[in-house]
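Structural features, examined
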Amino acid sequence: GEAFGVEAARIDVGPLLALVALSDRLPSGLAAWVAEARPQGTVSDLDIPLAARDALAGKATLAGVGFAPVGRRPGLKDLGGLVQFDLDGGALTLDGVDVALDWPTEFGPPLPLTLDGELAAWRDGDGWSIGTSGLDVGADGIALHTRFALGVQGDGTRPTLDLAADLAAFDVVAAKRYWLKTTVPPQVQQWLNDALVAGTARNGRVAMGGDLDHWPFRDGRGRFDARVQLDGVTLAFNEDWPAATALSGEAVFDGPGLRLEGLKGKVLDTAVTDASGRIEDFKVAWLDLELRGGGDAGDLRTLVLQSPLYAPNRPHLDALAISGPAAVDLRLRIPLKREFGEREVEGTLSLDNASVRDARWDIAFEGFSGSVPFTDRGFIVDALPVRYRDTPGALSLRVGDTVRDAAHVAEFQLESELAPGQLLARTPELAWLDPWLEGRSLWDVRVDVPKARPEAPPAPARLSLRSNLVGTRLGLPAPLRKSAATPLPLRLDLPLPASDGVLDLRLGQLMRL
């Protein structure tokens, strides 16, 4: 039969491919790509030994192989190495070859890469596949070992891809160069770039399989899973909150979105014992975070002072001093683009035998225990146990949108069995009553703080005291005299401070002052 063989010292493939593209020997789609991408490079030391046409095989050295990007397809520069081939495929040996991946639609400027390993091409039915069983890829700040098979289907559609890769440890800041622009929208890229301040990513691995016509696999027809272990990461998750530091956990990119799992670290001096986060879909990007942690309540107050919770609660938080064991369960929902909606904050603060003091009214409580639910619009303390001057009681506090009366910005209530002197000591205007009162009674103490009104002077807070005085003896002259067992409703209303308004004291139907 007819035999065939070729030897050539050097061939410039650019002009040859341009001529072939003008013929009818290439499919129309491939011919159009060749015309636009302008493949180029040289083939040196080509050796195809004499053999039958159906048994041809050979080898050559490639240098300067490349092609320009076309549309959303990437380009390549400076590929080279020893290639061995036959009619069913070939293998290109890459020995530390420096190339440039030119993919403007995904990475912007060309990416310098170093390739070490072997690339193979083989017939796959009516199409071709390109892949490797082991290729080391080095880039600025990133190094990985990959195995993949890229299936070119020959029908004008995107190829299929099955890929696995292992990444060496890298600085998280280096990742900012490698976001895929068409998959990760600008607002998500901006968040990632701002959020990743410092730290290391370890044990990175990537698994991908599917038809790239369906990328990023929102419909489930394909799989993408890229994950790294975070170590010592500083994450500035939102400009209005302090950054999380010393963060460890796992970050998982799943195609259309991102998950953060098993996070531990700190926010200021508050320990984060368990946290998670998610951007469900990069196209409509909301950051959902759940953080659980704790420490000293004073440290949590410091955190709140540097968060969006401070501004609407400033008068109360400025006056507050708090200490003791505390835990927090915080949930944040943050839009990464303002048009998506408003930020949402909610959570629960759990106190265990805490000490609380309000400097405005010089009042302090011990043994504060229980859960305090809150949002960025207010919070509520609902009849939690406290001690006031060693006397047990139940404390309630409503701030913001949890108030019962819309005219108030805050509502305070203490129910406790108190001696009259404990209350009169705080009201000098009524100190004359102290010698005439003896015993203890259940008191309802309330302070209401009115909302500020535009163009109006600030209104004072109002103190209200209520008791039936059962348990307290009155030594006043008749008809005000009573035994400890006899009920006599007492009601006292006055501004804080008392000098800012009118005092109203009532003893049943017997006296009004």
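The structure contained in this document is the topic of the report that follows. (Residues numbered from 1 in each chain as written. Predicted model: local features only at pLDDT ≥ 70, side-chain atom pairs only at ≥ 80, totals over all residues. Heavy atoms only, no water.)

**Focus on helix α4 (residues 186–195)**
The periodicity of an α-helix, 3.6 residues per turn, causes residues three or four positions apart to be oriented the same way. By the burial criterion, the buried members of α4 are Q187, V188, Q189, W191, L192 and A195. Contacts from the buried residues of α4 go to β11 (196–211), β12 (222–235), β14 (258–267), β15 (270–279) and β16 (286–296). (Buried < 20%, exposed > 50% of the residue type's maximum accessible area, 1.4 Å probe, protein only. Helix = DSSP H or I, 4+ residues; strand = E, 2+ residues; numbered from the N terminus. Contact = heavy atoms within 4.5 Å.)

**As for a nonpolar patch on the surface**
On the surface, W128, I130 and V152 cluster together to form a nonpolar patch covering roughly 230 Å² of accessible area. Along the chain, I130 falls in strand β7 (residues 127–139). By relative accessible area, which is 35% here, I130 ends up partly exposed. (Patch = residues over 30% accessible without salt bridge, like charges linked within 9 Å, V, L, I, M, F, W, Y side chains within 5 Å. Areas by Shrake-Rupley, 256 points an atom, 1.4 Å probe, with all protein chains shown as cover. Salt bridge = Lys/Arg side-chain N within 4 Å of Asp/Glu carboxyl O.)

**Digging into the nonpolar core**
In this structure, W191, F237, I279 and F368 are the most contacted members of the largest nonpolar core, which totals 120 residues. At six residues, β12 tops the list of elements feeding residues into this core. Sequence-distant contacts of F368, defined by excluding residues within four places in its chain, comprise L351, D352, N353, A354, V356, V381, L384, P385, V386 and L395. Within the second largest apolar cluster, five residues are counted, among which are A21, W33, V34 and A37. (Core = buried A, V, L, I, M, F, W, Y, C linked by side-chain atoms within 4.5 Å.)

**Here's the deal with the pairing of β14**
Within a regular beta strand, the side chains point alternately toward one face of the sheet and then the other, so they alternate between its two faces. One ladder, built from seven bridges, connects strand β13 (residues 244–253) with β14; its direction is antiparallel. Looking at the pairing, A244 lines up with V267 of β14. Hairpin connection of β13 to β14: four residues between the antiparallel strands, including G255 at a positive phi of 105°. Bridge analysis of β14 against β15 gives seven bridges, and the strand direction is antiparallel. Bridge pairing links L260 to G277 in β15. If you look at the hairpin formed by β14 and β15, you'll find two residues sitting between the two strands, and L268 has a positive phi there, around 55°. (Pairing = 2+ DSSP bridges.)

**Quick look at empty space enclosed by the protein**
Summed over all chains, the structure comprises three cavities of 30 Å³ or more. Around the largest cavity, the lining comprises 45 residues; the ones closest to its centre are L317, L320, L349, V372 and F379. Counting residues per element, the lining of the largest cavity draws most heavily on strand β20 (residues 363–375), at six residues. In the lining of the largest cavity, the residues fall into 34 nonpolar, six polar and five charged. Empty space within the second largest cavity amounts to approximately 140 Å³. Of all the secondary-structure elements, those providing two or more residues to the lining of the second largest cavity are α7 (420–424), β28 (490–496) and β29 (504–507). Of the residues forming the lining of the second largest cavity, the biggest block, three residues, is contributed by α7. Grouping the constituent residues of the lining of the second largest cavity by class yields 15 nonpolar, no polar and no charged. (1 Å grid on protein atoms, 1.4 Å probe; cavity = no way out; pocket = protein on both sides within 12 Å on 5 of 7 lines; lining within 4 Å. Points joined across faces, edges and corners; volume = space filled by probe spheres on them. Nonpolar A, V, L, I, M, F, W, Y, C, P; charged D, E, K, R; others polar.)

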